[in-house]
Amino acid sequence: MQKSSALTIESFSAYDKDEHRVTTLKGIKQILQSIIEHGTYVALYFGTDGQFVLSTLLDVDDDGMWMEQSRDPRLNAGALRSNRLIFVSSHLGIKIQFRVSQISEALYEDEPAFYLPMPDALLRLQRRDTFRIATPSINPLLCTLPSSEPSKQSARKLAVMDISVGGVRLACNEEDTDLVYGQRFEKCAIELPDVGTLHATIEVRNEVDVSKVPGKVLRRVGCQFKNLDQHDQVMLQRYITELQRAQRAKE
């Protein structure tokens, strides 16, 4: 069996791991269910010599997932013995990867299968092609999001941690449960000092939980601008340029 170049193990830097980690159960399940629905191949690597099982996911629940076994019993036995496995697939053309400590034999619709426990996090590697810049921590930019649920308050203001013409990274609390992978927010607004107000639709692309205070979980949510018009792009680029100049003047 030839190894697909799209399903090779990716070496993630510490930066990539922080920026592209999905940690919520809802977000992880959504990605895995999409892999199932699209029939996307999965490579399950085991051991230290690059052996792998090329297969497909069969089903997923809150605790784990079922994966089709290989037709080669030697590969199946090797995977079952291993305590160092790496799951690799793709979602909408983006590399998906996570580690698995152990798998077990199972039956799925009376057929032999592997059962993999649900990971605590998975990595979605999407290389950036746009420059982004950290925004001021004092008097930060605020992104106003309309509520996704009519029963909640009409809008929220979240601090912007960094920004580019491609998107923003927002700081929020653990309670902001609607900020999950794939969620879109239309008619968002970001007031750019001395430039103007940016209006955009944003889509959540990744989530990271950060525990900086004992007993309190903070979240960092990476969002992509969708269909940003030319006027807003020019306005945003002007703000980024001015912010760069101000930062360099302090160096």
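A.B. asks: Sorry if this is basic, but what is going on with a negative patch on the surface here?
C.D. replies: Together, Glu 68, Glu 109, Asp 110 and Glu 111 make up a region of like negative charge exposed at the surface. If you trace the backbone, Asp 110 turns up in the loop between β7 (104-108) and β8 (111-117).

A.B. asks: I would appreciate a short explanation of helix α2 (residues 25-37) in the present structure.
C.D. replies: In an α-helix, one full turn covers 3.6 residues, which means residues spaced three or four apart are oriented alike. With 13 residues, α2 should cover 18 Å at 1.5 Å per step; its first-to-last C-alpha distance of 18 Å lies within 8% of that length. Of the residues flanking the end of α2, it is Gly 39, one or two places downstream, whose phi is positive at about 65 degrees.

A.B. asks: Quick question: what am I supposed to make of the environment of Arg 81 here?
C.D. replies: Positionally, Arg 81 belongs in helix α3 (residues 73-81). Owing to a relative accessible area of 66%, Arg 81 belongs among the exposed residues under this scheme. As a C-alpha pair, Arg 81 and Ile 103 span 22 residues in sequence and 8.5 Å in three-dimensional space.

A.B. asks: Just checking my understanding: could you explain the confidence of the model for the protein for this structure?
C.D. replies: Any segment with low pLDDT has predicted coordinates that should not be analysed in fine detail. In this model, the protein carries a mean pLDDT of 83, and residues with pLDDT of at least 70 account for 84%. Put simply, helix α1 (residues 14-19) is where the protein has its lowest mean pLDDT, 56, and strand β4 (residues 64-68) is where it has its highest, 97. Counting contacts from residues 1-5, a segment whose pLDDT is below 50, to residues more than four positions away or on other chains yields six contacts.

A.B. asks: Whenever I open this one, the sheet that holds strand β6 (residues 94-100) confuses me. Can you help?
C.D. replies: If you trace the nine strands from one edge of the open sheet to the other, you get β1-β9-β6-β5-β2-β3-β4-β8-β7, paired in antiparallel fashion. Of all strands in the sheet, those with a lone pairing partner are β1 (21-22) and β7, marking the two edges. Packing of α2 onto the sheet brings it into contact with β1, β2 (41-46), β3 (51-60), β4, β5 (85-91), β6 and β9 (122-125), and relative to β3 it is tilted by some 105 degrees. The sheet contacts of α3 involve β2, β3, β5, β7 and β8, and relative to β3 the element is tilted by about 80 degrees.

Scoring rules and cut-offs
- Residues numbered from 1 in each chain as written.
- Predicted model: local features only at pLDDT ≥ 70, side-chain atom pairs only at ≥ 80, totals over all residues.
- Heavy atoms only, no water.
- Patch = residues over 30% accessible without salt bridge, like charges linked within 9 Å, V, L, I, M, F, W, Y side chains within 5 Å.
- Areas by Shrake-Rupley, 256 points an atom, 1.4 Å probe, with all protein chains shown as cover.
- Salt bridge = Lys/Arg side-chain N within 4 Å of Asp/Glu carboxyl O.
- Lys, Arg positive; Asp, Glu negative; His and termini not counted.
- Charge placed at Lys NZ, Arg CZ, Asp CG, Glu CD.
- Helix = DSSP H or I, 4+ residues; strand = E, 2+ residues; numbered from the N terminus.
- Expected span 1.5 Å × (residues − 1).
- Buried < 20%, exposed > 50% of the residue type's maximum accessible area, 1.4 Å probe, protein only.
- pLDDT = per-residue confidence, 0-100.
- Contact = heavy atoms within 4.5 Å.
- Pairing = 2+ DSSP bridges.
- Axes fitted to C-alpha atoms, helices over the stretch in contact; angles between N-to-C directions.

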